[in-house]
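# Structural characterization, general
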There are 2 protein chains.
Amino acid sequence: MAPKDAKAVKRPSTKVKPPAKAPRKGAAAVRRRLAPEERRRQIVAAAKSLFLEEGIDHVSMRKIARKVGITQAAIYQHFENKEAILFVIIEDFFSDLLHVFEVAVSQETEPAARLRRAMRTYIDFGLSRTEEYRLVFMTPMSGLVRAGVAIPRTEEAKLTPSKGSLAFGMLDSCVHQVVEAGATRDLDPDLVSEAIWAAGHGVVSLLITHGHFPWTDKAALIDLQIDLLLEGLLPAGSPARGENRGGGSSCPFGPR
Amino acid sequence: MAPKDAKAVKRPSTKVKPPAKAPRKGAAAVRRRLAPEERRRQIVAAAKSLFLEEGIDHVSMRKIARKVGITQAAIYQHFENKEAILFVIIEDFFSDLLHVFEVAVSQETEPAARLRRAMRTYIDFGLSRTEEYRLVFMTPMSGLVRAGVAIPRTEEAKLTPSKGSLAFGMLDSCVHQVVEAGATRDLDPDLVSEAIWAAGHGVVSLLITHGHFPWTDKAALIDLQIDLLLEGLLPAGSPARGENRGGGSSCPFGPR
DNA sequence: CAACTAACCGAACGGTGTTTATTTAGGAGG
DNA sequence: CCTCCTAAATAAACACCGTTCGGTTAGTTG
């Protein structure tokens, strides 16, 4: 059918590669070398700022290089590829998430309230850093996630836990406390953690990708989502039913 | 000769432009013209099959064209751009979702069971068509969604509802039936619809992007998620509590 | 001060979506 | 039958993208 044509064409674009003895042409371009760690820092910083200036889709190696003041190729001296840069950004994201989690959880003593606070914190954090959230949780990246960023519960992770593992672990322990306190039906805590994560992620990701959907009331939706989940955990005639409501989002939706 | 073309803007591209008298080079390539609607059909079909063969990221205009047996540029005779092709795929996706919804809902009479069935149907459907799901619900596309695919509740949508609107409307009406039957706490049905959608979406999208996360039990997670949400709707001492459980997924996870 | 390491650059490769001017298939009208 | 004309299809280019490679050179070290 299709000619297919293979690659026989050999791109007749002149070249022929003369010795290219090109000496220093201009006097202006003074090439400044930097310590590798400093360059790495610059590159990551440039990538991050491009991230929230132009969004995840418009971060290119060329733009990063231009922002830093070097050529694209120079980046590869410091990072194996683009994913390696994003990897650092993801690690920082998880690091911040972990910190925010720790602060939030430390402010509540009662297990149920603590879990509620954790869930709200996750949602607010995600909505305040939408571009990074998209990168971390809404983009399937082969090597990245598997590389240890967000794989808790495995033996490997228990030995050298990543920030992602620790962050998930915090949610996990909040749920365990609630379940073990006997305040819920008889449920598998691990499964509950995953369900709560999924529910929170659902709200965050839908609000991010479908921000123009005619939502009835975004803040109320978040409140209700948290509420439904936690109510669903309680046993039939629980006296806690209906308590601990409210506590609206302290985050008026971050950027955008 | 004598083409009416009076403008001859001549893009400032160095010209050079030899007459390019290129005659039929090979004997094989017979240029066949097709009726526009037939070509459109071919292009969409090719795009769809590439979608599930190679995934959303590897569908390019060149690959589509090659599969159809034409050049890239020819596609632009029939579609304004790549998004326009994806648009058709999205419409078909919603059309199928709507149909599946209708069948599912028609098989249940009791409102709560009907809602449970709808939620499970959504999740199973999403997991059976992951690449399209990613395109429709996990990719922010400027013009696309706003173009009327999934914007229910607006006046415009009520006049000429899209398949997406109708699909969401089915979930909406399921929720309304349950709430109006007095089987739940006093909640805004629209808000509940959105929360249930978000929860279902959370499970589907996390399972899609993080399929390698060490999930405790994917099927059990889906069951629990549905369960928590519906339990959370019920009033405090509801006699329905704990009923209507189970009814595990009939879908053993579609492709991949 | 020479030698060496590695940060850096220029140029290219193969890929993407899209646009342009040109060619030509195939139906309609004389 | 034979023109004419519309529009489907083409080839070639444009401006991007991530990545690679060989040569250049800055800055340290022996």
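Just so you know, these numbers come straight off a predicted model, no measurement behind them.

Quick notes on the rules
Residues numbered from 1 in each chain as written. Chains lettered and ligands numbered in written order. Predicted model: local features only at pLDDT ≥ 70, side-chain atom pairs only at ≥ 80, totals over all residues. Heavy atoms only, no water. Least-squares fit on C-alpha atoms with pLDDT ≥ 70 in both. Contact = heavy atoms within 4.5 Å. Helix = DSSP H or I, 4+ residues; strand = E, 2+ residues; numbered from the N terminus. Salt bridge = Lys/Arg side-chain N within 4 Å of Asp/Glu carboxyl O. Polar contact = N/O pair within 3.5 Å; in protein donor to acceptor, adjacent residues only side chain to side chain. Nonpolar A, V, L, I, M, F, W, Y, C, P; charged D, E, K, R; others polar. Buried < 20%, exposed > 50% of the residue type's maximum accessible area, 1.4 Å probe, protein only. Axes fitted to C-alpha atoms, helices over the stretch in contact; angles between N-to-C directions. Parallel < 35°, antiparallel > 145°, perpendicular 65-115°, else oblique. Phe/Tyr/Trp six-rings, centres within 6.5 Å; stacked < 30°, edge-to-face > 60°. Core = buried A, V, L, I, M, F, W, Y, C linked by side-chain atoms within 4.5 Å.

### Topic: the relation of the copies chain B and chain A
You can overlay chain B on chain A at an RMSD of 0.1 Å; the transform is a turn of 180 degrees with a shift of 0.0 Å along its axis. Within this description, the copies of the chain are treated as partners about a two-fold rotation axis. The share of interface residues of chain B whose copies in chain A are also at the interface is 98%, consistent with both copies meeting through the same surface.

### With respect to the side chain of Thr-209 of chain A
Position of Thr-209 of chain A among the secondary structure elements: in helix α10 (residues 189–209). Every residue in contact with Thr-209 of chain A, bar those within four places of it in the chain, is listed here: Met-138 of chain A together with Phe-137, Met-138 and Pro-140 of chain B.

### What to know about the interface of chain B and chain A
Facing 53 residues of chain B, the contacting portion of chain A comprises 54 residues. Between Asp-227 of chain A and Arg-185 of chain B there is a salt bridge, with its nearest N and O atoms 2.6 Å apart. Counting every contact that joins chain B to chain A gives eight residue pairs in polar contact (both at pLDDT 80 or more). If you list the elements that add at least two residues to the side of chain B that touches chain A, you get α6 (130–137), α7 (142–149), α10 (189–209) and α11 (218–233) of chain B. Ranked by residue count, the leading element in the side of chain B that touches chain A is α10 of chain B, at 14 residues. Residues of the side of chain B that touches chain A, tallied by class, amount to 30 nonpolar, ten polar and 13 charged.

### Structural notes on the pattern of salt bridges
Where charged atoms from two side chains of opposite charge approach closely, those side chains can pair. Residue and element names in this part refer to chain A. A complete count under the given rule lists 24 salt bridges over all chains for this structure. Between Lys-48 and Asp-92 there is a salt bridge, with its nearest N and O atoms 2.7 Å apart. Here Lys-48, found in helix α1 (residues 36–54), pairs with Asp-92, found in helix α4 (residues 82–106); they are 44 residues apart in sequence, far enough to count as distant. One continuous salt-bridge network, built from bridges that share partners, spans Asp-57, Glu-131 and Arg-134.

### Some points on the environment of Leu-52 of chain B
Residues and elements named next belong to chain B. Here Leu-52 lies in helix α1 (residues 36–54). The exposure class assigned to Leu-52 is exposed, which follows from its relative accessible area of 68%. Remark: the alpha-carbon pair of Leu-52 and Thr-130, spanning 78 residues in sequence, is separated by 8.7 Å.

### Observations regarding the environment of Gly-232 of chain A
Relative to the assigned elements, Gly-232 of chain A resides in helix α11 (residues 218–233). Remark: the alpha-carbon pair of Gly-232 of chain A and Arg-185 of chain A, spanning 47 residues in sequence, is separated by 8.9 Å. Sequence-distant contacts of Gly-232 of chain A, that is, excluding residues within four places in its chain, are made with Arg-185 of chain A together with Leu-228, Glu-231 and Gly-232 of chain B.

### A few points about the side chain of Ser-205 of chain A
Within the fold, Ser-205 of chain A resides in helix α10. The class of Ser-205 of chain A is buried, set by a relative accessible area of 2%. The contacts of Ser-205 of chain A, once residues within four sequence positions are left out, are Met-138 of chain A together with His-201 and Ser-205 of chain B.

### Details of the packing of α4 of chain A against helix α6 (residues 130–137) of chain A
Residue and element names in this part refer to chain A. Packing of α4 against α6 leaves a shortest axis separation of 10 Å and a crossing angle of 110 degrees. Considering the angle they form, α4 stands roughly perpendicular to α6. For the pair formed by α4 and α6, the contact residues are Leu-86, Ile-89, Ile-90, Phe-93 and Phe-94 on the first element and Glu-132, Tyr-133, Leu-135, Val-136 and Phe-137 on the second. Looking at the contact of α4 with α6 residue by residue, the classes come out as nine nonpolar, no polar and one charged.

### Focus on the packing of aromatic side chains
Taken as a whole, this structure holds 26 aromatic pairs over all chains when the rule is applied. Between Phe-213 of chain A and Phe-168 of chain B the ring centres are 5.2 Å apart and the planes differ by 70 degrees, which places this aromatic pair in the edge-to-face class. Taken as a pair, Phe-213 of chain A in the loop between α10 and α11 and Phe-168 of chain B in helix α9 (residues 163–180) lie in two separate chains rather than in one. Its relative accessible area of 9% is what places Phe-168 of chain B among the buried residues. Cluster of aromatic residues (ring-pair linked, three or more members): Phe-93, Phe-94, Tyr-122, Phe-125, Tyr-133, Phe-137, Phe-168 and Trp-197 of chain A together with Phe-213 and Trp-215 of chain B.

### Overview of the nonpolar core
The biggest cluster of nonpolar side chains holds 139 residues, and the ones touching the most others in it are Ile-64 and Ile-196 of chain A together with Ile-64 and Ile-196 of chain B. With residues up to four places along the chain from it excluded, the contact list for Ile-64 of chain A reads Ile-43, Ala-46, Ala-47, Leu-50, Val-59, Ile-75 and Ile-85 of chain A.

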